[in-house]
Amino acid sequence: MCNNIRPDTMERITTKALADAFIDEQVKAVREQVGDKKVLLALSGGVDSSVVAALLIKAIGRQLVCVHVNHGLMRKGESEQVINVFGKELDANLIYVDATDRFLNLLEGVSEPERKRKIIGAEFINVFAEEAYKLEGVSFLAQGTIYPDILESKGVKAHHNVGGLPEDLKFELVEPVKLLYKDEVRVVGDALGLPREMVYRQPFPGPGLGVRCLGAITRDRLHALREADAILREEFDKNGLAGKVWQYFISVPDFKSVGVKDDKRYEGWPAIIRAVNTTDAMTATIEEIPYPVLHHITARITAEVPGINRVLLDLTPKPVGTIEWE
C-alpha cells in the first residue's frame, strides 16, 4: 500500500479477522519504513488520529510522539479521554498542551466564521511546530489521512494535516489508514481495543466548538455551550438515539432573550439542537426526536446550565441549511 490508489482487489474491512490482518500488515510496513526513528503525530482524539495512534503504538511503541493540543474548543471530557486512553492505558509518549488561553485570546472579538477558522488553524500549526522544535530525532510525521480525503482533496486534510509546518521541519509521512474508508477505520479501531465512544465518535469540525459558539466567542457562552452539548449527548445515549443519528449537537448564538427564573426576569442565550442523518454529508435529513425526550433535554439544560434560558430545535435539512451553522 505504498501509493494513493486503492486496488480494485482490496477487500473491504468488515470483520475483526480482516481488521487483524490489516493491522499485522501495517505494523510490519511501519516498522520497515520507520526503523529506529521517531514519529510525530497530532492526536486530536478524533476517530482517524486515534486509530493511527493506537496502530503506531502497537508497531513502534514510544518511538511515536503524540501531541494533543487542547485549544479550549473541545467538547466536555474529550481531552481528558485522550490523556486517559493514550497517556495511561496505552502508555503512549504523549505531550499534552493546554493552549486554551492562547486560542481564546486570539479569538476575542472575532465574529466572522472564516476568520475564526483561519485563526484556529494557524495557531494550531504554531503550537504544534513549537512542540516539534523541542524534540530530537523525529524524522516522520504520522497523519490520519483516509481514502475519502485523497479522493476529495488530493490528500490534503484541513484539520489533521499539518502541512503548513515551517519548511525546516521536513518529515516523511506515515499514513497507515490512507486507503481505508471511515467505516473500515472504525472496524480497525474496534480490533485495536479503543473505547467504543472514541471509535464511533461523531464527526467534529476542526475548529471544534469555535463554529458552534456563534459569532464572537466569549468564555461564559463557550462554557454554557459545552455543558448543554454534554447533556444532549448524554440523553441521546440514554434514549437509544446515539446510534440512529449521524450527527447531533448544540449551537449557541450571541444574542439573549428574556425569560423567568426564580420568579425574576432573566436574560439568557438559546441553545439550538441540530440532529441530522446523511450518507455523504452533501445532503442531510432531519432526525425526528420524540417529544418526551426533547422536553426532558429542555428541562435539564435550562435547569442545569447557567446562561441558557431557551432550547430550540433546528428543523432545516441540507439543502437549504448546511449541517454546521458557521
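In this text the structure is predicted, and so the values were computed from the model without any measurement. (Residues numbered from 1 in each chain as written. Predicted model: local features only at pLDDT ≥ 70, side-chain atom pairs only at ≥ 80, totals over all residues. Heavy atoms only, no water.)

S.K.: Describe in detail the overall build of the chain, supporting the description with residues and values.
M.R.: Check the secondary structure of the chain and you find ten helices and ten strands. In summary, the chain has a C-alpha radius of gyration of 21 Å against a globular reference of 20 Å for 326 residues, a match within 12%. In terms of its C-alpha atoms, the chain occupies a principal-axis envelope of roughly 70 × 40 × 35 Å. Scored against the burial criterion, the 326 residues of the chain give a buried share of 54%. (Helix = DSSP H or I, 4+ residues; strand = E, 2+ residues; numbered from the N terminus. Rg over C-alpha atoms; globule rule 2.2 N^0.38 Å. Buried < 20%, exposed > 50% of the residue type's maximum accessible area, 1.4 Å probe, protein only.)

S.K.: Describe in detail the environment of lysine 58, supporting the description with residues and values.
M.R.: By the secondary structure assignment, lysine 58 is in helix 2 (residues 47-60). Look at lysine 58 and you get partly exposed, because its relative accessible area is 47%. Along the chain, lysine 58 and aspartate 24 lie 34 residues apart, while their C-alpha atoms are 9.6 Å from each other.

S.K.: Which residues make up the nonpolar core, and what are the values?
M.R.: Residues Leu40, Phe236, Ile250 and Ile301 are the most contacted members of the largest nonpolar core, which totals 53 residues. A total of eight residues in this core trace back to one element, the largest contributor, which is helix 5 (residues 113-134). With 44 residues, the next largest nonpolar core counts Leu43, Leu55, Ala59 and Val85 among its residues. (Core = buried A, V, L, I, M, F, W, Y, C linked by side-chain atoms within 4.5 Å.)

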